[in-house]
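Listed here are the chains, written in short residue letters.
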Amino acid sequence: MRPIAHARRLSSRAASSRHALDAVVVANPVPVGIPAYFLADQLLRSRTAEEILSGKRGLIAEYAGSEGYAYRWGHLIEVRLGRFVLWRVVPVALWERLSPLRAGSPLLIEELLTLVQPGIRPALEPHLPSVVVARGCQGASRRSPHALFTLLLTEPRAATAVRDWLAAPFLTDLLPPLLHSIERRVADLLLVVSR
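In this text the structure is predicted, and so the values were computed from the model without any measurement. Residue numbers here run from 1 along each chain, matching the order of that chain's written sequence. This being a predicted model, a pLDDT of at least 70 is required before a residue's local features are given, and a value of 80 or more before pairs of side-chain atoms are given or counted; all residues contribute to the totals for chains, interfaces and linings. Derived side-chain values reflect all non-hydrogen atoms in the structure, with water molecules and hydrogen atoms excluded from consideration.

**Details of the overall build of the chain**
Here comes step 1: By the criteria applied, helices consist of DSSP H or I runs no shorter than four residues and strands consist of E runs no shorter than two, each listed in order from the N terminus. Counting secondary structure elements, the chain contains 8 helices and 6 strands.
Here comes step 2: Relative to its 195 residues, the chain shows a buried fraction of 43%.
Here comes step 3: Across the chain, the fraction of contacts at a sequence separation of at least 24, relative to all contacts at a separation of at least 6, is 66%.
Here comes step 4: To be clear on the numbers: accessible area is Shrake-Rupley with a 1.4 Å probe, and residue cover counts the displayed protein chains and nothing else. Only carbon and sulfur atoms are counted for the fraction: they give 58% of the accessible area of the chain, which is about 10,800 Å². Note on exposure labels: buried denotes an accessible area under 20% of the residue type's maximum, exposed denotes more than 50%, and partly exposed covers the range between, all computed with a 1.4 Å probe on protein chains only. By definition, residues are in contact when any of their heavy atoms lie within 4.5 Å.

Structure representation (structure tokens):
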């Protein structure tokens, strides 16, 4: 009797991660909700309900109609701009991990992001395809204050290749060390501010 070959089963976490990467490749975004931590963060730092619900710059406006992809590190929000596509990188888990360090700080997430923005574009640009531009690496006055940065696809005909690049190497190899570096920089800033 011959042994039966069994396919190796992926863990549920690995299967979920693979599914999320595949979803980017086939352009299958799903609705993305506001992270509860972001609401709590704003309330804890004395933002009023009116400021949070504000139509132009509040958290509700930032996430209104958002679609994208959820990962363990946060959200990749996809915005279609006619023939062009914009992806916003919103690191949620980073802020949850930094919560104990931020306990005494009055600074909002968007204010901390403003302080660590200068190193993002230089770290990204050498790795971007020629048809992708890094944007949103500026201060808290932007429309998506919780986004670390945005990537803009400038050539719609390259969408398939860019989606493949997003799945790997961007999400698998480039983004994790960048998020780790940002987390260290924010932690260092919080230690300095708390003194």
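**Some words on the packing of aromatic side chains**
Here comes step 1: In this scheme Phe, Tyr and Trp rings, the latter by its six-membered ring, pair at centre separations within 6.5 Å, and the angle between planes marks the pair as stacked below 30 degrees, edge-to-face above 60, and tilted otherwise. One pass over the full model with this rule turns up 3 aromatic pairs.
Here comes step 2: Clustering of aromatic rings is evident, with ring pairs tying together Phe 149, Trp 165 and Phe 170.

**Some details on the confidence of the model for the chain**
Here comes step 1: Counting all residues, the mean pLDDT for the chain is 85, and 87% of those residues have values of 70 or more.
Here comes step 2: pLDDT runs from 0 to 100 and stands for how confident the predictor is about each residue. Segment residues 1-15: pLDDT under 50, and 2 contacts once partners within four positions in sequence are set aside and those in other chains are kept.

**Some points on the pattern of salt bridges**
Here comes step 1: In the sections that follow, a salt bridge refers to a side-chain nitrogen of Lys or Arg positioned within 4 Å of a carboxyl oxygen of Asp or Glu. Inspection of every chain in the model, using the stated rule, returns 8 salt bridges.
Here comes step 2: Where Arg 45 meets Asp 41, a salt bridge forms, and the shortest distance between an N and an O atom there is 2.7 Å. Assigned by exposure class, Arg 45 and Asp 41 land together as buried.
Here comes step 3: The partner of Arg 102 in a salt bridge is Asp 41, and the shortest N-O contact between them spans 2.7 Å. Separated by 61 residues along the polypeptide, Arg 102 in helix 5 (residues 92-102) and Asp 41 in helix 2 (residues 36-44) bring together distant segments of the chain.

**Section: unusual backbone geometry**
Here comes step 1: Residue Pro 169 is bonded to the preceding Ala 168 through a cis peptide linkage, with omega at 25°.
Here comes step 2: Its place among the elements puts Pro 169 in helix 8 (residues 159-193).
Here comes step 3: One non-glycine residue, Ala 27, lies in positive phi territory at about 55°.
Here comes step 4: By the element assignment, Ala 27 lies in the loop between helix 1 (12-25) and strand 1 (30-31).
Here comes step 5: The partly exposed category is assigned to Ala 27, whose relative accessible area is 27%.
Here comes step 6: Despite not being glycine, Ser 46 has its phi angle at roughly 65°, a positive value.
Here comes step 7: Mapped onto the elements of the fold, Ser 46 is located in the loop between helix 2 and helix 3 (49-53).

**Regarding the side chain of Gln 117**
Here comes step 1: As for its placement among the helices and strands, Gln 117 is situated in the loop between helix 6 (109-116) and helix 7 (120-124).
Here comes step 2: For Gln 117, the side chain forms a polar contact with the main-chain oxygen of Leu 148, separated by 3.2 Å. N or O atoms within 3.5 Å of each other form a polar contact, as long as, within protein, one can give a hydrogen and the other can take it, and as long as residues adjacent in sequence are counted only when both atoms are side-chain atoms.

**Examining the side chain of His 146**
Here comes step 1: Within the element layout of this structure, His 146 appears in the loop between strand 5 (132-135) and strand 6 (149-153).
Here comes step 2: Overall, the relative accessible area of 0% leaves His 146 in the buried class.
Here comes step 3: At 2.7 Å, the side chain of His 146 forms a polar contact with the side chain of Glu 62.
Here comes step 4: When residues no more than four places from it in sequence are discounted, the contact partners of His 146 are Phe 38, Gln 42, Leu 59, Glu 62, Val 89, Val 90, Pro 91, Ile 109, Glu 110 and Leu 113.

**Description of the nonpolar core**
Here comes step 1: Of all hydrophobic cores here, the largest spans 52 residues; its most connected members are Trp 95, Phe 149, Leu 151 and Phe 170.
Here comes step 2: With 13 residues, the top contributor of residues to this core is helix 8.
Here comes step 3: Sequence-distant contacts of Trp 95, that is, excluding residues within four places in its chain, are made with Tyr 37, Phe 38, Arg 102, Ile 109, Leu 112, Leu 113 and Val 186. Throughout this description, the term nonpolar core refers to a set of buried Ala, Val, Leu, Ile, Met, Phe, Trp, Tyr and Cys residues connected via side-chain atoms within 4.5 Å.

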